Amino acid sequence: MSGSQGVTALCENPTEVFLDVSKLLITYADNILRNPNEDKYRSIRIGNPTFSTKLLPVKGAVECLFEMGFEEAETHLVFPKSASVERLRQVRETIAAERDQRLGASKAASSQQSARVPPSAAPPTLPSASSAGSASASAAAVPTPAPAALPFTSSSVTFLRTLQSNFQHVLIYESPELQQKALNCIPHELLITRAKERLKQAKDADPACTLGEEDMLVLDLLQWFKGDFFSWVDNLPCSRCGGATQPSGSLPPSNDDLRWDAGRVENHYCHTCQLSTRFPRYNHPEKLLESRKGRCGEWANCFTLLCRALGLEARYIWDSTDHVWTEVYSQSQRRWLHCDPCENTCDKPLLYEVGWGKKLSYILAFSKDQVVDVTWRYSCKHPEVLSRRTQVQETWLLRTLNGLNATRQQSLGAERKQQLLQRLLVELVEFISPKTSTSGELGGRVSGSLAWRVVRGETGASNTEGDAQECVFIPTKSEKQNKLFHICYNIIKNCYFRQSNGQETISGWQRGAWRTENMFRKEEQDWQMVYLARTEGSSFGRISWKFNCAPVGMKIKSASVRAFSQTFHSGSIRWSLRSAETTIEFPGDGELHSSSSLSGGKELIVEAELTGGEGEVSWQHTQLFRQSLKDTQKVLFEILVEMEES
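Presented here is an overview of the structure given in this document.

So, how was this worked out
- Residues numbered from 1 in each chain as written.
- Predicted model: local features only at pLDDT ≥ 70, side-chain atom pairs only at ≥ 80, totals over all residues.
- Heavy atoms only, no water.
- Pairing = 2+ DSSP bridges.
- Helix = DSSP H or I, 4+ residues; strand = E, 2+ residues; numbered from the N terminus.
- Contact = heavy atoms within 4.5 Å.
- Axes fitted to C-alpha atoms, helices over the stretch in contact; angles between N-to-C directions.
- Parallel < 35°, antiparallel > 145°, perpendicular 65-115°, else oblique.
- Left-handed = near helix turned anticlockwise from the far one by under 90°.
- Nonpolar A, V, L, I, M, F, W, Y, C, P; charged D, E, K, R; others polar.
- Salt bridge = Lys/Arg side-chain N within 4 Å of Asp/Glu carboxyl O.
- Buried < 20%, exposed > 50% of the residue type's maximum accessible area, 1.4 Å probe, protein only.
- Patch = residues over 30% accessible without salt bridge, like charges linked within 9 Å, V, L, I, M, F, W, Y side chains within 5 Å.
- Areas by Shrake-Rupley, 256 points an atom, 1.4 Å probe, with all protein chains shown as cover.

### What to know about the sheet that holds strand β9 (residues 314-319)
Sheet architecture is open: six strands sit in the order β12-β11-β10-β9-β13-β14, paired in antiparallel fashion. Edge positions in the sheet fall to β12 (345-346) and β14 (371-373), since each has one partner strand and no second. Inspection of the sheet shows strand β10 (residues 323-330) paired to strand β11 (residues 335-340) by five bridges, in the antiparallel sense. Its bridge partner lying in β11, Glu 327 is registered against His 338. Running over the sheet, helix α9 (residues 155-169) touches β9, β13 (363-366) and β14 and is turned about 30 degrees from β13. Across the face of the sheet, helix α18 (residues 414-432) comes into contact with β9, β10, β11 and β14 while running at roughly 15 degrees to β14.

Written as structure tokens, this is what we have:
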């Protein structure tokens, strides 16, 4: 049959797979041909185990149904009354002819006889849901390709394939042999020792701490994985001269590449040597234990395996806007923790939307027992996200996930099912209320080259994402009475303390700032340091604080500022103290700098402007208030203003 791309694709499958699926397709067609007036034969439920395990994963199978005339409804594929029965018959006969040929000449006659559709014949029955699992292994063993570029291809079928593929993939992590191989790569005793030390420090600082050793183990595993085990790849060095290469399309995968599920091989080309260096994008975590390099896909894939090898409950997180990471269940906190091994980040779920500026739509969590839509954990802008969720209908997604979970959980005991249900209910309650971002979620992406992050739009959110609040401090009644305004900022606690106003606390570095441009708060977990810096890719950063005593009938008598900042290489920070008439520059050396030359003014602005630095990490070469995470009481920024009657 000319022009039948679906049948052509179906014929590319191994004979065993083709025979299994072609029989199912012929049965679907024959049911309609024998019973043209019965609606029940014109509808195939997408969530049906027979469809989802036997037919969906196989190349060309769904496309054949579309070519027969099936169309997508909300939860079903439907053969409408207006569809061409003759077209259905043509596709069916083409599949049957290929099936006859593969069965061999000895069976050709009987196959051709059964291919005829006598009007009085009883319709054959479809395989039952209970028997569908028997052939699922052979179907699942066939890699799920991208759907063929057919005008009939439905977005929901594409989406369902993604669900099926990821849900099947996470079962690899449960192999005892693979987990043992992963354990052999982990310095288990060292990480346990570090976790115990970290937990002791936490409980010394807060005796009421209820965190467990597993929580600390996750932090140490993240740190070790990024710092010692895995490496990021933008472009591989030339395999001959070791020089820089440039991406230059793709290369055909070898048999060994395909063995480790690397269907895509990047060509990293050296113009000096005119040599191609191959970069297979391995999807099998066993191979990643050896190669130990890649981008976010390889990082999350391997890290999730290591979590499972350590006995942590972990799930693989897929983001439709092209990122993946891991979640680990905290037994002590009874909730799932966001863990991004590329960024060495834990429990910062708004990092992508607020920090990277991503426009999220679908985020799904896959574990051995369950698939969950966790989009709402990662967003504080639910209406915006909902407006972008147009690939599939929400009711379709809900029913599909429920169907996948019901199938996967059939063999689970009642206790485990109840446990999963309870956890899901806790998550659903969490998702109802949008979160508020924390300081650690406000920076741009760290992993990958700057050019790569700029192209992906992940260097940081703009001021319009919520930084510019334009806070102006106006003296309160008590401050006016005491004729003193005094505010301090503690970067460890990320709080302002308004000393002369009954120790008022203002949480968040932005909430006390007047204006900010290209700034964020950075926590370095490996170095245990924290500071304010400018966002990556920006040539400058600026932050200022404003005080105005005019509304309460006062004027400035004197002003003092203490600020500590550091520069590296060619980085430069300019501190200034100004009123409407006067501007004074002062060093960020941590000393208290006082001035009476601002006397008589009504407004005061303290500003830091950050510029310079070298290379892709120039943003790190200008830092405000840098200090150790252990120095919880130290204050590196404060403003004091003495006032008098106007």
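### What to know about the packing of helix α11 (residues 188-205) against helix α12 (residues 213-229)
Two numbers describe how α11 lies on α12: the axes approach to 8 Å, and their chain directions differ by 125 degrees. The angle between α11 and α12 places the two elements in the oblique class. The crossing of α11 and α12 is right-handed. For the pair α11 and α12, contact is made by Leu 191, Ile 192, Arg 194, Ala 195, Lys 196, Arg 198, Leu 199 and Ala 202 and by Glu 213, Met 216, Leu 217, Leu 219, Asp 220, Leu 221, Gln 223 and Trp 224, respectively. Of the residues in the contact of α11 with α12, the class split is ten nonpolar, one polar and five charged.

### Focus on the pattern of salt bridges
Summed over the entire model, instances satisfying the criterion amount to 40 salt bridges. Of the charged contacts in the structure, one is a salt bridge between Arg 578 and Glu 607, with a shortest N-O distance of 3.6 Å. Residue Arg 578 is found in strand β24 (residues 572-578), and its partner Glu 607 is found in strand β27 (residues 603-611); the two are separated by 29 residues along the sequence. Overall, Arg 578 belongs to the partly exposed group, its relative accessible area being 23%.

### Some remarks on a nonpolar patch on the surface
Among the surface-exposed residues, Leu 421, Leu 425 and Leu 428 lie close enough to one another that they form a single nonpolar patch of about 250 Å² accessible area. Secondary-structure assignment places Leu 428 in helix α18. Given a relative accessible area of 43%, Leu 428 falls into the partly exposed group.

### A short note on unusual backbone geometry
In the Ramachandran plot, Lys 483 falls in the positive-phi region, its phi being about 55 degrees despite a non-glycine side chain. Residue position: Lys 483 is located in the loop between α20 (477-482) and β16 (484-490). Phi is positive for Asn 518, which is not a glycine, with a value near 55 degrees. Here Asn 518 shows up in the loop between β19 (515-517) and β20 (519-524).

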